[in-house]
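# Inside the fold
One-letter residues, chain by chain:
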Amino acid sequence: MSGLPSGTVTLLFTDIEGSTRLLLRLGAAYPAALDEHRRLLFGAIQSAGGRVLDTQGDACFASFGRASEAVVAAAATQRALAAHRWPDGVRVRVRLGIHTGEPTVTATGYAGLDVHRAARICSAGHGGQVLMSSTSADLVGTTLSPDLSLTELGSYRFKDFSFAERVYQLNMAGLPTSFPPPRSLDVSHRLPTQYRTLIGRDRELADCRRLLLDPETRLLTLTGAGGSGKTRLAVALADGAQQAFEDGVCFVSLASVTDARQVPSSVAQALGVRDVLTQQPRDLVVDVLSGREQLLILDNFEQILDAATFVADVLAACPRVRVLATSREPLHLTGEREYSVAPLELPATSLHSARQIYELAAPRLFVERAVEAKRDFVATDADAEVIAEICRRLDGLPLAIELAAARIRFLSPSALLGRLGHSLAVLTGGPRDLPARQQTLRAAIAWSHDLLDERDRTVFRRASVFVDTWSLEAGEAICSLDDDPLATLDALSSLVDKSLLRREESADGDARLRMLATIREFARGQLEASGELASIQRRHADHYLSVAEEAAPHLAVDANQLAWIERLDAERTNVAIAFSWSQGDTDDAARVDIGLRLSAALWHYWAVRSNAAEAQTRIAAILALAAHGPASSARGQALHGASILARDLSDYDATERLLRESLASARALHEPQQIADVLNNLGWLAVLRGDSAGARALLHESLALFQRLGDVHWKAVVLTRLGYVAFMEGDVLQAQRMGAEGATVARVMGDPAVLSNALVYLGLAQQYGGDLEQSRRCYEECLTLARPLGDRHLIAMALNMLGQLAVTQKSLDEASRLLREAVLLAREVGNVRRLSFLLAAVATLANARGDAEFAVRLDAASQSAAQSVGTVRAQAARANSERMVAAARAHLGATAADAAHDAGRQLSVEQAVSAALTWLGEDASEAAVGDRWQRSPWTVFGWSTGGPLHSPGADATRPSRHGTGSLPVYGEGGTVPPR
């Protein structure tokens, strides 16, 4: 491509937002619309002095000699597209991105990072929007015409770029200026996507912005009836104000939270902070927010008002944090500013023309939503007063208006008003203790419900059993109509059309459904009134049991393990609801059986995905179910699963008790596969306790059974474990041979989970055999396989071994990074054994950095932690640590070394872990760590490390090894901690 200017050049990228949907909508007319779009675009570019370099599909790439020319072209493009009359009433919405840089001139055009930056800026935008880099904005900021202006949106990170890009929006008089946040990699700026424009709230937005940004405001609560649009207003407010907060905004949906104790965990999750073993969620949130300037949005607070004390704690401890809450009533905290979100503005007098509809918010909302429901709907002058009266009857509540407008597909405005008037007359006698507007909203939903035919009503009330989102398959199974199964799908589709259900796209492109909480509340009442609640709840549990049992064979040893785990991720909330339901009546044998079967099917998923607190909750629930369940295969497998969760929490006494009970069940029921599984895990438990002889006997017995059953997958697991037994005893060559055989079998079978386990133990044998490079390759491949699986235990182990290799090879900064991540992961899942090994690894790193005193202290803490749970390190690994300690002691001298050792032995596990993280560079001071442990002894597990899981009927408490008090344990009368 000849004649391209070099040096500083301004690049422009464009593409059509939603081009696929546009194609589906226009069909054969799409090519003509695309050509017309190009004609308008090319004309604007060329008139401004630009040059079109390339087009691909609906995208265009152009260049300009000056940034001001690109801005003129972008503004002209958006105005031309907005003014054009497109076929079939569609809108062609184009996003544009501008960046000025020094791209490289090639034979075919421009190349280099500046081209990619311009493309990324374009991709971040939304239809009708023009974004530009700070480079371009600086060049044009003082030369813009009066009808153009710039708004700084903040800094965003884009794919493939390590730095944040400061992004500006070009505003054009007469065109929309309100858009969702740019699409980027930033978590702190994420807000719920608003697919519909906010109508009629300009005054409210201005008032709330002034209140929110007032230096005296720390807590602003938007109050109002359900359906008044509090959430949508809050999101729009945060979107427009986020650049005022250095650390952005964090949106926390509390719609599904019913226990005030769960609010800190929900906030921590929204902040992107992982479960931390050493802190309660409340302390964790305060620690994270204490140094931030951030806006925290707490949505749907009315159902957990007892959590207001947590909000007060956050505001007191975090001076630069502000809270924006939405609630049906204020939080009643000191300094709270309340803003009542009133209904939309209604006509005070009669309307006589369609033009008047657009001058008031409520009628305008009705018409715009009616057009969404019926594309050819046009409000006439005769409709104006009818629409005004509909809005009056609905008190201007946005949700009620939207529900009514969805019926325009089937009813004219006059017919709609007639039915609405009749229904509201019947439904005015709501509970007197509810606000009047809430009664009106209930009436509006009831009216919408009464317009449904019997088929849709049945599916509507049955759908209230779901929480979060659900698949079409689940909807068909649980809401099914016995007389006509195919009609269920039609009914679900009909409910989506009527705005009683919402259709969403999942990450994999499948359709999922959601019911708004306000509507679900009404539908649940209908379900209870119908007498179907119990049967639909059981149907719900049966369906998700089938989902779990279908996934179960693929979760532990399967080439497609990750796909099945991700499928369960999508169903996690509803599976949890089903499991909770199974615990509701232990006198119902069928209900208990469902719970045990869910436990048997899901324990591997829980082991991979659960944090420490959730794992202990699962164990307690399984024990409660098993105490009431009769002898069965499901009971034995559930106990086996509970043992694995307990083992991952390093509670080996409970692990053995549960395994022995599971083994007895399997032998009584003559289940060879289950017997082999349990023997395998008993053998591994013996390994963890340092009993190599007992481990070898149990693993060989298990291996023989697996071979007899032809189970190649588990054969590979056992071979790997036997290799580790050899390593424990110092036979490195035998460990290499068996580890290699296990890895080979797993590789042939194409099983990533088994292969990753085999690789880490093979790497261990190779490392101590002297082949460090081959060892590194094994660890790195293990890590590559384990990360997508989300197996935090295995990831932590691979990181630990890579960190130790880095120490050996004098790459101390790399070792610090690897070990820091490993410690954080092991702490998150509550694995004390792994933490004890990691403490020893950090001690070795400390000695390599010349901190001999800390090395001796931390190694002593490592030994203490291992002893607290009864685990033993392999002989070769311990010998390495002993050599390191001997060198450190020689450097310190006997007196100082003994003092460091004694100090380390006095540290609890949590104190040692915090000390290690502080030394590794985590943001925590020694004083803060000490204070934290004085305030909060290690009660995250709800037990001491001496074996907390009691058999049914055991005492409810036992003395803690970390303090003088007693900690709750599990069994009859025990305490089940909140999730």
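Note that the structure is predicted; figures quoted are calculated from it, not measured. (Residues numbered from 1 in each chain as written. Predicted model: local features only at pLDDT ≥ 70, side-chain atom pairs only at ≥ 80, totals over all residues. Heavy atoms only, no water.)

Quick look at the overall build of the protein now. Looking only at helices and strands, the protein has 40 helices and 19 strands in total. Per-residue burial for the protein yields a buried fraction of 54% across its 979 residues. For the protein, the exposed area adds up to about 39900 Å²; of that, 50% sits on carbon and sulfur atoms. (Helix = DSSP H or I, 4+ residues; strand = E, 2+ residues; numbered from the N terminus. Buried < 20%, exposed > 50% of the residue type's maximum accessible area, 1.4 Å probe, protein only. Areas by Shrake-Rupley, 256 points an atom, 1.4 Å probe, with all protein chains shown as cover.)

A few words now on the packing of aromatic side chains. The final tally for this structure, using the stated rule, is 11 aromatic pairs. Note on Trp684 and Tyr761: the rings are 5.7 Å apart at their centroids and 75° apart in plane angle, and the pair reads as edge-to-face. Of the two residues, Trp684 is situated in helix α27 (residues 672-688) and Tyr761 in helix α31 (residues 752-768); the sequence distance between them amounts to 77 residues. For Trp684, a relative accessible area of 7% puts it in the buried group. Through a chain of ring-to-ring contacts, the aromatic side chains of Trp684, Tyr724, Phe727, Tyr761 and Tyr768 assemble into a single cluster. Above the plane of the ring of Phe837 lies Arg873, whose end atom (NZ or CZ) is 5.6 Å from the centre. (Phe/Tyr/Trp six-rings, centres within 6.5 Å; stacked < 30°, edge-to-face > 60°. Lys NZ or Arg CZ within 6 Å of the ring centre and 35° of its normal.)

Attention now moves to the sheet that holds strand β9 (residues 164-172). Strand order in the open sheet formed by 7 strands is β2-β3-β1-β4-β7-β9-β8, and the pairing between neighbours is mixed. Two strands close off the open sheet at either side, each with one partner strand: β2 (51-56) and β8 (148-157). Neighbouring strand axes in the sheet, compared pairwise and without regard to direction, differ in orientation by 20° on average. Here strand β7 (residues 130-133) pairs with β9 via 3 bridges, running antiparallel. Across the sheet, Met132 pairs through a bridge with Tyr168, a residue of β9. Each of β1 (9-16), β3 (59-64), β4 (94-101), β7, β8 and β9 touches helix α3 (residues 67-83); the most contacted strand, β4, lies at about 180° to it. Along the sheet, helix α4 (residues 113-124) makes contact with β1, β3, β4, β7 and β9, crossing β4 at roughly 150°. (Pairing = 2+ DSSP bridges. Axes fitted to C-alpha atoms, helices over the stretch in contact; angles between N-to-C directions. Contact = heavy atoms within 4.5 Å.)

Tallied over the full model, the rule gives 5 cavities of 30 Å³ or more. Around the largest cavity sit 15 residues that line it, and Tyr724, Leu764, Met801, Phe837 and Ala877 are the ones nearest its centre. Mapped by element, the contributors of at least two residues to the lining of the largest cavity are α29 (712-728), α31, α33 (792-808) and α35 (832-848). In terms of residue count, the dominant contributor to the lining of the largest cavity is α33 (4 residues). For the lining of the largest cavity, the per-class residue count stands at 10 nonpolar, 2 polar and 3 charged. (1 Å grid on protein atoms, 1.4 Å probe; cavity = no way out; pocket = protein on both sides within 12 Å on 5 of 7 lines; lining within 4 Å. Points joined across faces, edges and corners; volume = space filled by probe spheres on them. Nonpolar A, V, L, I, M, F, W, Y, C, P; charged D, E, K, R; others polar.)

Attention now goes to helix α36 (residues 852-869). Across its 18 residues, α36 extends 27 Å between first and last C-alpha, which sits within 8% of the 26 Å expected from 1.5 Å per residue. Burial within α36 is extensive, with 14 of its 18 residues counted as buried. One or two steps after α36, the chain reaches Gly870, where phi turns positive at roughly 80°. (Expected span 1.5 Å × (residues − 1).)

Now for helix α39 (residues 909-920). Spanning 12 residues, α39 covers 16 Å between terminal C-alpha atoms, matching the ideal 16 Å at 1.5 Å per step. Within α39, 10 of the 12 residues are buried, leaving the element largely enclosed by the surrounding structure. Of the residues making up α39, those classed as buried are Val909, Glu910, Ala912, Val913, Ser914, Ala915, Ala916, Leu917, Thr918 and Leu920. In the segment just after α39, Gly921 is the residue with positive phi, at about 115°.

Let us now look at the layout of surface pockets. What the second largest pocket holds in volume is close to 1100 Å³. Taken together, 41 residues form the lining of the second largest pocket, with Trp603, His604, Arg647, Trp714 and Arg721 sitting closest to its centre. For the lining of the second largest pocket, the secondary structure elements donating two or more residues are α23 (589-609), α25 (633-648), α27, α29, α31, α33 and α35. Of the residues that constitute the lining of the second largest pocket, the class distribution is 23 nonpolar, 11 polar and 7 charged.

Counting residues in each nonpolar core, the largest one holds 99 residues, and the members touching the most others are Tyr724, Phe727, Val760, Leu764, Val842 and Leu858. Ignoring sequence-local partners within four residues, the contact set of Val842 consists of Leu819, Val823, Phe854, Leu858, Ala916, Trp919 and Leu920. The next biggest cluster of nonpolar side chains, apart from the first, holds 69 residues, and it includes Ile445, Phe466, Leu545 and Ala607. (Core = buried A, V, L, I, M, F, W, Y, C linked by side-chain atoms within 4.5 Å.)

Okay, the side chain of Gln78 next. Checked against the element boundaries, Gln78 lands in helix α3. A polar atom in the side chain of Gln78 sits 3.5 Å from the backbone oxygen of Gly128. (Polar contact = N/O pair within 3.5 Å; in protein donor to acceptor, adjacent residues only side chain to side chain.)

What follows covers unusual backbone geometry. The phi angle at Asp468 is positive, at roughly 65°, despite the residue not being glycine. For Asp468, a relative accessible area of 30% translates into the label partly exposed. The phi dihedral of Ser650 is positive, around 65°, even though this residue is not glycine. You can see Ser650 is positioned in the loop between α25 and α26 (652-668). You can call Ser650 buried: its relative accessible area is 2%.

Following the sequence through the fold, Pro752 ends up in helix α31. Along the backbone, Pro752 and Leu785 are 33 residues apart, and their C-alpha atoms lie at a distance of 6.0 Å. Contacts of Pro752, omitting those with residues within four sequence positions, involve Asp558, Ala559, Leu785 and Leu789.

With that out of the way, let us pick up the confidence of the model for the protein. Fine structural detail should not be taken from predicted coordinates in areas where pLDDT scores are low. Residues at a pLDDT of 70 or more form 88% of the protein, whose mean pLDDT is 83. Overall, residues 423-439 carries pLDDT values under 50, and its contacts beyond four positions in sequence, including any with other chains, amount to 19 contacts. Overall, residues 923-979 carries pLDDT values under 50, and its contacts beyond four positions in sequence, including any with other chains, amount to 132 contacts. (pLDDT = per-residue confidence, 0-100.)

This next bit is on the packing of α35 against α39. Relative to each other, α35 and α39 sit at 40°, their axes nearing to 10 Å. Classified by the interaxial angle, the pair formed by α35 and α39 is oblique. Here α35 and α39 pass one another in a crossing that is left-handed. Every residue of α39 that contacts α35 at Val832, Leu835, Leu839, Val842, Leu845 and Ala846 is listed here: Val909, Ala912, Val913, Ala916, Trp919 and Leu920. Looking at the contact of α35 with α39, its residues break down into 12 nonpolar, no polar and no charged. (Parallel < 35°, antiparallel > 145°, perpendicular 65-115°, else oblique. Left-handed = near helix turned anticlockwise from the far one by under 90°.)

So, about the pattern of salt bridges. On inspection of all chains with the given rule, the structure shows 54 salt bridges. Between Arg232 and Glu402 there is a salt bridge, with the nearest N and O atoms lying 3.1 Å from each other. Taken as a pair, Arg232 in helix α7 (residues 230-241) and Glu402 in helix α14 (residues 398-405) lie far apart in primary sequence, 170 residues in all. Here Arg232 matches Glu402 in class, with each residue buried. Here Arg889 ties to Asp898 by a salt bridge, and the two come within 2.5 Å at their closest N and O atoms. By relative accessible area, Arg889 is classed as partly exposed at 27%. Overall, the relative accessible area of 37% leaves Asp898 in the partly exposed class. Each of Arg201, Arg203, Glu204, Asp207 and Arg210 takes part in salt bridges that share partners, so that together they form one network. (Salt bridge = Lys/Arg side-chain N within 4 Å of Asp/Glu carboxyl O.)

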